[in-house]
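As a plain string of letters, each chain reads:
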Amino acid sequence: MSGDHTARLPERDAPWMMRTYAGHSTASASNELYRRNLEKGQTGLSIAFDLPTQTGYDSDDELARGEVGKVGVPISHRGDMAALMEGIPMGEMNTSMTINATAAWLLALYIVVAEEQGVPQRQLQGTTQNDIIKEFLARGTYAFPPGASMRLIADMIAYTVEHVPKWNPINICSYHLQEAGATPVQEIAYSMSNAIAVLDAVRERLARVPGAAEERMGQVFGRISFFVNAGVRFIEEHAKLRAMAALWEQLGRERYGVQDARNLRFRYGVQVNSLGLTEAQPENNVQRIVLEALAVTLGRDARARAIQLPAWNEALGLPRPWDQQWSLRIQQVLAYETDILEYPDIFEGSVVMDGLVAELLEGARAEMAVVAEHGGAVEAVPYMKAALVDSHRERIRRIESGEQVVVGQNRFTETEDAPLTADAQGGILVVDPAAQAEQIESLRRWRAQRDQAAVDAALAALAEAAAAEGERENLMLATIAAARAGATTGEWAGTLRGVFGSYRAPTGVGEAAAMPADGELTQLREEVSRLQERLGRRPKILVGKPGLDGHSNGAEQIAVRARDSGMDVVYEGIRLTPAQIAASAVQEGVHVIGLSILSGSHRELVPAVIHALRQAGVTAPVVVGGIIPEQDVPLLRRAGVAAVYTPKDFDITRIMRDIVELVGAERPAVPSANGSSASGSA
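Scope of this entry: the structure provided in the associated data block. Since the model is a prediction, treat every value here as computed from it, not as a measurement.

### Here we look at empty space enclosed by the protein
- In the structure shown here, the tally under the stated rule is four cavities of 30 Å³ or more.
- The computed volume of the largest cavity comes to approximately 110 Å³.
- In terms of lining, the largest cavity is formed by 18 residues, of which the most central are Y142, A505, P506, S552 and I574.
- Residue contributions to the lining of the largest cavity peak at five residues, all from helix α5 (residues 132-139).
- The volume enclosed by the second largest cavity comes to roughly 70 Å³.
- Contributing to the lining of the second largest cavity are N100, A101, A103, A104, N130, I132, F144, S149, L152, I153 and M156.
- Of all the secondary structure elements, the ones that give two or more residues to the lining of the second largest cavity are α4 (103-116) and α6 (146-163).
- Ranked by residue count, the leading element in the lining of the second largest cavity is α6, at four residues.
- Of the residues that constitute the lining of the second largest cavity, the class distribution is eight nonpolar, three polar and no charged.

Next up, the structure:
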């Protein structure tokens, strides 16, 4: 080997920021977890909020039932935020907050608590996700209609650029687009289209301040970051990131007139793919996570600035601290034991990489043009949603057919018993049900002890600012004042709902294209047709999403496959109470109810829905799908559930066949005109 070391960097690069996405139960429990993780070498915080906090409800709201502290930490007021950050120096910490609809509120709480620590807001560093368009498309934690949501985002960006200059006010989030089935081309095109919609709204907001728009737009562009996904096809995923960097620079120069090279850099953080994690043989998820991390670390010119890796058991339930430590150690081994930080960009001049990037750019630009033809990202939400449903269905079809191999799930399924899941909880963290009661009691004490007159005045001022003609008042000012006065998350969001109204995003189910019939689908249609003859009308399924869980991808695929099989489908989207599901079942006269829950709230919500159904006189069978630990299945069975499906049940046609058989067994044949029963097996 020669002594020429010009291929190496003169100095090893510094590692990326290492985070662990975490939070559960209560603010104090999450604070303890954060401090332990920081002691283990984590270099930034990534806060997971529970669903009531994400969607703008207090912990004692009816819709929050069973959801408090399950998928993140409940933060109802500045006291909760203070407990969450106790002992953590906010002036030194870089904090990422996965929050969208209520991002302005959570940032306001963070600012106020930092002030209490003696830290000025100009010193704060971190990121709020704050990409509401992808919530309409893929995640479901929206609170307000599109126009009002975009106003909140624009106000928050305009405020932070001036007053919190080290803060990234938005992560344009392609992560959940891939989780919803997006192809690399769609992920690039839709996230860039979302960014255009946001930047155009901010430019319009800044134009109201004389002379500010042109001066500030470069700073705004430079503070926009992305939160991306990286799947197991890590060569293609790396090409995707290089393509996004090229498009971002082009957008900055040509559409927004940005000249400073520092502001044109494509800045992104990443959590690698959770969609590909399997419940079957979950130990295989470790190597998937490692390979996916390579996509965002191997090439220096497109390396992530911050990384958080999922835990191996996230398809099973909530990770324990040890599981999160394992994922942190994966990052540390990559950064400190391998040589990936010692070289210039290893893909520079690669014919393969350049060709892949060009291919992705061509496809993304074409798809962005389609979005533009629909009027831009906000107006194109129904189009993009339907396209994602179609793409996700095609992904599932490939897995069902075996065309796309998933090791341990549809191939190489023989396995030994896994010691990792042998404990009483099945290898996951089970949140103590008492945490919800503790949070609710704490919230009630907070309300009783605060200055109610100050809160009422602050909320009245917020409502007045939201309703002001011309939208001239920046809502961040009134939001920070409400946080300081002691208002709660539900009160802040409720005040704005009172002005802006509510919204229900499109499901994409009705617009999704019909699935081409293969042999199994044709057979299923024949079975549905025979069942229809027995019932005297088409079998009808109600697909319901109780609670605040916005992960609707699975429910949408069940609804689409039921429709393609010849069933009538009732699917009204997310965020339904048990009473609403029962009322819909009565009104529609359904033959079967399918409930989808991925937030861990099935133990509370499923029995509540079944009780509401039986109280309403509905006797149709109930099936449940979601991330449901094996030890919870008997509880659901005792509650009256007829069948339970989890991520290992990937064959949707087989699930539909089970449901058809279940309805046939529950329903007697309808007598024909001559008094005999219509025949036909189910």
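### Description of the pattern of salt bridges
- Going through the model one piece at a time under the given rule, you end up with 39 salt bridges.
- Close ionic contact of D58 with R447 constitutes a salt bridge, the shortest N to O distance being 3.2 Å. Here the residue D58 occupies a position in the loop between α2 (51-55) and α3 (78-84), and R447 occupies one in helix α15 (residues 434-449), the gap between them amounting to 389 residues.
- Residues R393 and D390 are paired through a salt bridge, measuring 3.3 Å at the closest nitrogen-oxygen approach. Pair noted here: R393 and D390 are both in helix α14 (residues 381-401), with a separation of three residues, about one helical turn.
- The exposure class assigned to D390 is partly exposed, which follows from its relative accessible area of 24%.
- When salt bridges with common partners are traced through the structure, they connect D390, R393, R563 and D564 into a single cluster.

Here is what the cut-offs are and how they apply
Residues numbered from 1 in each chain as written. Predicted model: local features only at pLDDT ≥ 70, side-chain atom pairs only at ≥ 80, totals over all residues. Heavy atoms only, no water. 1 Å grid on protein atoms, 1.4 Å probe; cavity = no way out; pocket = protein on both sides within 12 Å on 5 of 7 lines; lining within 4 Å. Points joined across faces, edges and corners; volume = space filled by probe spheres on them. Helix = DSSP H or I, 4+ residues; strand = E, 2+ residues; numbered from the N terminus. Nonpolar A, V, L, I, M, F, W, Y, C, P; charged D, E, K, R; others polar. Salt bridge = Lys/Arg side-chain N within 4 Å of Asp/Glu carboxyl O. Buried < 20%, exposed > 50% of the residue type's maximum accessible area, 1.4 Å probe, protein only.

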